[in-house]
Amino acid sequence: MRQTLSSGQTLLMKLVLPVLWIAGFAAATVLLFTADGPAPPPLKWLVLGVAVAGGLSWYSWGVRLKRVAIDDEWLYASNYAREVRIALRDIDQVSENRWVNIRPVTVSFRRDTGFGHRIIFMPPVRWWGFWHPHPVVRELEAAARRARGLPPAQPRPDPLS
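Keep in mind it's a predicted model, so treat the numbers as computed, not measured.

**A closer look at the overall build of the protein**
Across its full length, the protein holds three helices and seven strands. Element order for the protein, N to C, with α for helix and β for strand: β-α-α-β-β-β-β-β-β-α. Computed over its C-alpha atoms, the radius of gyration of the protein comes to 20 Å, more than 25% above the 15 Å expected for a compact globule of 161 residues. For the protein, the spread of C-alpha atoms along the principal axes amounts to about 70 × 40 × 25 Å. Out of the 161 residues in the protein, the part that is buried amounts to 36%. Here the contacts in the protein between residues at least 6 apart in sequence split such that 54% fall between residues at least 24 apart. Of the roughly 10000 Å² of accessible surface on the protein, a fraction of 62% belongs to carbon and sulfur atoms. Averaged over its 20 positive side-chain charges, the protein has a centre that lies 2 Å from the centre of its 12 negative ones.

**Points about the pattern of salt bridges**
Taken as a whole and assessed by the stated rule, the structure comprises three salt bridges. Between Glu83 and Arg2 there is a salt bridge, and its shortest N-O distance comes to 3.2 Å. Of the two residues, Glu83 is situated in strand β4 (residues 83-87) and Arg2 in the segment before β1 (3-4); the sequence distance between them amounts to 81 residues. Residue class for Glu83 comes out partly exposed when judged on its relative accessible area of 42%. Between Arg103 and Glu96 there is a salt bridge, with its nearest N and O atoms 2.8 Å apart. Taken individually, Arg103 and Glu96 each receive the classification buried, so the pair is uniform in this respect.

**Here's the deal with the packing of helix α1 (residues 10-34) against helix α2 (residues 41-63)**
At their nearest, the axes of α1 and α2 sit 9 Å apart, and the two run at 165 degrees to each other. On the basis of their axis angle, the class for α1 and α2 is roughly antiparallel. Like other packed secondary-structure pairs, α1 and α2 cross with a definite hand, here left-handed. Classifying every residue of the contact of α1 with α2 by side-chain character gives 17 nonpolar, four polar and two charged.

Criteria and thresholds
Residues numbered from 1 in each chain as written. Predicted model: local features only at pLDDT ≥ 70, side-chain atom pairs only at ≥ 80, totals over all residues. Heavy atoms only, no water. Helix = DSSP H or I, 4+ residues; strand = E, 2+ residues; numbered from the N terminus. Rg over C-alpha atoms; globule rule 2.2 N^0.38 Å. Buried < 20%, exposed > 50% of the residue type's maximum accessible area, 1.4 Å probe, protein only. Contact = heavy atoms within 4.5 Å. Areas by Shrake-Rupley, 256 points an atom, 1.4 Å probe, with all protein chains shown as cover. Lys, Arg positive; Asp, Glu negative; His and termini not counted. Charge placed at Lys NZ, Arg CZ, Asp CG, Glu CD. Salt bridge = Lys/Arg side-chain N within 4 Å of Asp/Glu carboxyl O. Axes fitted to C-alpha atoms, helices over the stretch in contact; angles between N-to-C directions. Parallel < 35°, antiparallel > 145°, perpendicular 65-115°, else oblique. Left-handed = near helix turned anticlockwise from the far one by under 90°. Nonpolar A, V, L, I, M, F, W, Y, C, P; charged D, E, K, R; others polar.

As far as function goes, none of this settles anything; it's purely spatial.
Here it is as structure tokens:
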């Protein structure tokens, strides 16, 4: 049975917020550059710079997010337009960025998957254990080991505890 690993807020972070943010800053920038008014030129260029930097930031960590699910043999990754099925045995490494507020999880693969050699997804939000690894990281690592016929990994110490 398929189990969803990514957050229910993925669509919001991937599509809705980036579109609203970029559209809002684009509109503000156009208004500042086209309206006759007292807006000083440095403000115009500052807003333009923030709009470009913000758009690039949204792309670098928001738009690339995937919706992810798992079953006994496969990992399913979707960008909401298409879905790819990846054998669990092809998972090479699973890591998490604890320093970004959505705690993105990166899954690297041994081969190209249709989305490249890695995908990034947002795990469900946890309100406790901020400094501890998200359980989905160990769950994916364990599933990959089982799929390759390896014994369970020895628990590794958490470096931050």
